[in-house]
Amino acid sequence: RYKLSGPEILCEIKEKVQVTTLTPDMEPFSGFPWGSQLPPRQITSDVGPFKTCAVVSSAGSLKNSGLGKEIDSHDAVIRFNAAPTAGFETDVGSKTTVRLINSQLMASEDHHFLSSSLYSAGILVSWDPSPYSSDLWEWFNKTDYPIFKQYQRYRRLHPQQPFYIVHPRMEWQLWQRIQDNMGEAIQKNPPSSGLLGTVLMMSLCEVVHVYEFLPSRRKTELCHYYQRFSDAACTLGAYHPLLYEKNLVKRMNQGSDRDIYTLGRVTLPGFATFNC
Ligand code: NCC
């Protein structure tokens, strides 16, 4: 059962993971005055389609990669959480089309989410890692972090910037794909931002290149390319089922092992480009 081929896994993800964002017509949001702050249409209807896309993990192994030009040559680039480009252009490029952020960052004092210019460029997409539930009422009543309070505040300050919220069902549909393709029980925590962003881009792009999600020869214990902090758990996972996510991406990779080793680059096809 868990020995599916790469193309079979790609098909399962395409067919079973719905890339959905919250819209004002969904309950309970339809009953709240602020529900109208949500974008009226799905991100997949508003954004793209793009030909080529780059997913830039925040891994420390991007440091000294010199991948900046290659990353910027894509039609769209997704980055995560507080990952900066300023000062790191040579290694990570400077284009940011989409930034995927978790609700922990939105709520934390340290990140100055409401005021930092880091978040005001490009399209924002946020998600909340609350425990296993895809029911919107249930989730609304027990999000892990105050995602809606922060969302409303941010929207008032930046009403023109596109800002989506991922339907939690997507996290758990993706989690189920990881679980069903492993021979052992994995922790019931949602996939990392990196995998969520990869699947989001597969629904917006024809070709997706993912950088340093599968570590290259530059593999390091340095957590992020933009910080001094070291911890192998950043690459291998603790809370997120990161090792299993990486195993799945390795099996779906359509590029060469050499590309992984030298560039930290994985090549995945957009959902629109293959039939199942
Ligand atoms: O670290 P984080 O992730 O922001 O990284 C974004 C994505 O890059 C991939 N990654 C990162 C570092 C590394 N050495 N190897 C990698 O492969 C992962 O796919 C990761 O998802 C997150 O997923 O949202 C996460 O967020 C941080 C943190 O909340 C934010 O950076 C904001 O400060 C989490 N760290 C902590 O809670 C301490 C991290 O566990 C997951």
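That block above? That's the structure.
Cut-offs and rules
Here the residue index of a chain counts from 1 through its sequence in written order. Note on the predicted model: pLDDT of at least 70 is required for a residue's local features to be given, and 80 or more for side-chain atom pairs to be given and counted; whole-chain, interface and lining totals, by contrast, use all residues. To obtain the side-chain values, all non-hydrogen atoms of the structure were included, while hydrogens and water were left out. Throughout, exposure labels follow a simple rule: accessible area from a 1.4 Å probe, protein chains only, divided by the maximum for the residue type, with under 20% read as buried, over 50% as exposed, and the rest as partly exposed. We count a stretch as a helix when DSSP gives it H or I for four or more residues in a row; a strand needs E for two or more, and each element gets its number in order from the N terminus. A strand pair is defined by DSSP finding two or more bridges across the two strands. Classification of ring pairs rests on two measures: the distance between centres of Phe, Tyr or Trp rings, Trp counted by its six-membered ring, which must be within 6.5 Å, and the angle between planes, read as stacked under 30 degrees, edge-to-face over 60 and tilted in between. Both a distance and an angle decide whether a charge sits over a ring: NZ of Lys or CZ of Arg must be within 6 Å of the ring centre and within 35 degrees of the ring normal.

1. Observations regarding the pairing of strand S3 (residues 98-102)
Consideration 1: Burial analysis of S3 places 5 of its 5 residues in the buried class, which makes it a mostly covered element.
Consideration 2: In S3, alternate side chains face the same way, and those of Val98, Leu100 and Asn102 on one face and Arg99 and Ile101 on the other are all buried.
Consideration 3: Looking at chain direction, strand S2 (residues 76-80) and S3 are connected through 3 bridges and run parallel. Residue pairing for S3: phenylalanine 80 is matched across the bridge by leucine 100.

2. A word on the packing of aromatic side chains
Consideration 1: Tallied over the full model, the rule gives 18 aromatic pairs.
Consideration 2: A cation sits over an aromatic face here: lysine 14 above phenylalanine 274, 5.1 Å from the ring centre.
Consideration 3: We note lysine 246 situated over the ring of phenylalanine 213; from NZ or CZ to the ring centre the distance is 4.9 Å.

3. Points about the pairing of strand S7 (residues 265-269)
Consideration 1: The element S7 is largely enclosed, with a buried count of 5 among its 5 residues.
Consideration 2: On S7, burial covers both faces: Arg265, Thr267 and Pro269 on one face and Val266 and Leu268 on the other are all buried.
Consideration 3: Relative to S7, strand S6 (residues 205-211) runs antiparallel, the two being bridged by 5 bridges. Paired with histidine 209 across the bridge in S7 is threonine 267.

Shape is all these values report; function is a separate question.
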